[in-house]
Amino acid sequence: VVYSTHSPLFLDLLEIKRIIKFRKERKEKSMPKQTLISHTTFDKVARILEKASNKPKGTYTGETLRPRLQSLMTPWLNEGFFANLAVLVEGIQDRAVIMGTATAMGYDLESKGISVIPCMGKTCLDRPIAIFRSLGIPVYAIWDSDHGKEDTKPEDNHRLLRLFNQEIEDWPDMVTNRFACFKQSLIHTFKNDIGEKIFNDTLNACCDRLGIGKKEYAMKNPIVIRYIIQEAKNQGKSSTKLEEIISRIVS
């Protein structure tokens with residue numbers, strides 16, 4: 001059976017060797033678009049992850065990779081196969097901040113074919129990066145370096161930096177054209193930039209107005225983030241780092 005689809009529900013990540021991606025791309029302005037075909041296997045992905053982890057060749061295999069993909073199998077991740085750009089973040093709260101910031105700046109990411117995908121933690125980012133890259137799908141990754149956090153491992157940051165051919169450092173803090181990272185966390189930077197009082201006051205007001213019982217639930221809602229950003233702007237505050245990240249994603 002062979003079928004073509006535009007639906008993420010028809011994809012099975014564990015059968016990646018059976019997925020063939022077709023897309024149109026214009027190579028020259030005066031010429032018609034060309035059809036590009038891409039395909040990958042778990043063994044190819046394992047080679048990328050092996051290099052990122054600084055392991056000897058042959059340490060990882062496609063078979064050892066398969067069980068590590070179970071936790072990634074979500075409809076959100078499957079949307080990345082159809083995206084013009086897959087923006088990979090650690091969790092739902094980070095997704096809300098990126099989506100809310102973009103909306104506040106006047107951008108509709110989904111209409112541009114940009115999927116913002118939560119990957120359930122920093123240690124899960126490397127596999128989607130490797131998978132999408134091996135299929136020729138552009139990726140923008142965002143993560144927390146977690147400086148000062150208990151039980152954090154610098155090696156997790158090292159692995160992600162190697163995926164982007166960057167110099168190794170324990171607690172990276174930078175915004176580039178392909179990734180962004182925060183020395184501590186995205187939320188910590190957001191609060192510091194706009195001021196903790198503005199953040200907390202507006203968050204409380206949003207919870208009351210929208211009938212959201214818990215702040216942690218509100219922080220997973222892009223509409224709440226947009227309200228916070230707009231109120232901060234009314235008071236002359238903004239997060240320049242988050243705005244720079246959105247500008248790089250859109251461009």
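Chains are numbered independently. Their residues run from 1 in the order of the written sequence. Thresholds applied to this predicted model are a pLDDT of at least 70 for local features of residues and 80 or more for the giving and counting of side-chain atom pairs; totals over whole chains, interfaces and linings are not thresholded and use all residues. Excluding hydrogens and water, the side-chain values take into account all heavy atoms of the structure.

A few words now on the pattern of salt bridges. What makes a salt bridge here is a side-chain nitrogen of Lys or Arg within 4 Å of a carboxyl oxygen of Asp or Glu, nothing more. Per the stated rule, a full pass over the model turns up 13 salt bridges. The salt bridge partner of Lys 27 is Glu 25, with a shortest N-O separation of 3.3 Å. The buried label applies to any residue whose accessible area, calculated with a 1.4 Å probe on protein chains only, is under 20% of its type's maximum; exposed applies above 50%, and partly exposed to all values in between. Under the relative-accessibility criterion, Lys 27 is labelled partly exposed at 48%. Overall, the relative accessible area of 31% leaves Glu 25 in the partly exposed class. Residues joined in a network through salt bridges with shared partners are Asp 126, Arg 127, Asp 156 and Arg 159.

Turning our eyes to something else, we now look at the sheet that holds strand 4 (residues 114–118). The strand order 4-3-5-7-6 describes an open sheet built from 5 strands, whose pairing is mixed. Each end of this open sheet is capped by a strand with a single partner; those strands are strand 4 and strand 6 (174–175). Should DSSP find at least two bridges between two strands, the strands are regarded as paired. Numbered from the N terminus, helices here are DSSP runs of H or I no shorter than four residues, and strands are runs of E no shorter than two. Relative to strand 7 (residues 179–182), strand 5 (residues 139–144) is paired through 4 bridges, and the arrangement is parallel. Paired with Ala 141 across the bridge in strand 7 is Phe 179.

Another aspect to go through is helix 1 (residues 42–52). Counting along an α-helix, one turn takes 3.6 residues, and residues three or four places apart therefore face a common direction. Residues of helix 1 that are buried: Phe 42, Val 45, Ala 46, Leu 49, Glu 50 and Ala 52. Projected down its long axis, helix 1 carries its buried residues within an arc of 160°, all on one side. Contact definition: two residues touch when any of their heavy atoms are within 4.5 Å. Its buried side turned inward, helix 1 meets helix 2 (62–65), helix 5 (126–134) and helix 6 (154–163). Downstream of helix 1 by one or two residues, Asn 54 has phi in the positive range, about 60°. Here, the arc refers to the directions that run from the helix axis to the C-beta atoms.

Right, let's get into the nonpolar core. Residue types Ala, Val, Leu, Ile, Met, Phe, Trp, Tyr and Cys, when buried and joined through side-chain atoms within 4.5 Å, form a set referred to as a nonpolar core. Core analysis: the biggest nonpolar cluster contains 37 residues, and Val 87, Ile 98, Tyr 140, Ile 142, Ile 245 and Ile 249 have the highest contact counts within it. Among the nonpolar cores identified, the runner-up in size contains 35 residues, and Leu 65, Leu 88, Cys 119 and Trp 143 belong to it.

Glancing now at the packing of helix 4 (residues 92–104) against helix 10 (residues 222–234). Each pair of packed helices can be described by the angle between their axes along with the distance between the axes. Every axis in this analysis is a line fitted to C-alpha atoms, fitted for helices over the stretch in contact. Angles between the N-to-C directions lie between 0 and 180 degrees. Remark: helix 4 packs on helix 10, axes separated minimally by 7 Å, with the N-to-C direction vectors making an angle of 50°. Of the possible angle classes, the one that applies to helix 4 and helix 10 is oblique. Remark: the crossing between helix 4 and helix 10 carries right-handed chirality. For the pair formed by helix 4 and helix 10, the contact residues are Ala 96, Val 97, Met 99, Gly 100, Thr 101, Thr 103 and Ala 104 on the first element and Pro 222, Ile 225, Arg 226 and Ile 229 on the second. Looking at the contact of helix 4 with helix 10 residue by residue, the class counts come to 7 nonpolar, 3 polar and 1 charged. Reported orientations rely on four angle classes, namely roughly parallel under 35 degrees, roughly antiparallel over 145, roughly perpendicular from 65 to 115, and oblique for the rest. In this scheme the handedness of a crossing depends on how the near helix is turned from the far one: anticlockwise by less than a right angle means left-handed, clockwise means right-handed. Basically, the charged four are Asp, Glu, Lys and Arg, the nonpolar ten are Ala, Val, Leu, Ile, Met, Phe, Trp, Tyr, Cys and Pro, and anything else, Gly included, counts as polar.

On to the environment of Ala 141. You can see Ala 141 is positioned in strand 5. On the basis of relative accessibility, which here comes to 0%, the residue Ala 141 falls in the buried class. In sequence terms Ala 141 and Leu 88 are 53 residues apart; their C-alpha atoms lie 4.7 Å from each other. Filtering out sequence-adjacent residues up to four positions away, Ala 141 remains in contact with Leu 88, Ile 129, Phe 164, Arg 178, Phe 179 and Ala 180.

In this structure, Thr 189 sits in helix 7 (residues 186–194). Setting aside chain neighbours within four positions, we find Thr 189 in contact with Phe 182 and Lys 241.

Let's shift gears to a nonpolar patch on the surface. Patches were defined on residues exceeding 30% relative accessible area and lacking a salt bridge, with like-charge contacts within 9 Å and nonpolar side-chain contacts (Val, Leu, Ile, Met, Phe, Trp, Tyr) within 5 Å. Only the protein chains shown count as cover for residues, and the accessible areas themselves come from Shrake-Rupley with a 1.4 Å probe. Among the surface-exposed residues, Val 1, Tyr 3, Leu 9 and Phe 10 lie close enough to one another that they form a single nonpolar patch of about 580 Å² accessible area. With respect to the helices and strands, the residue Leu 9 is situated in the segment before strand 1 (20–25). When its relative accessible area of 70% is taken as the criterion, Leu 9 is described as exposed.

A positive phi angle is found at Asp 146, which is not glycine, with a value near 65°. Structurally, Asp 146 can be placed in the loop between strand 5 and helix 6.

By themselves, these figures tell us nothing about what the structure is for.
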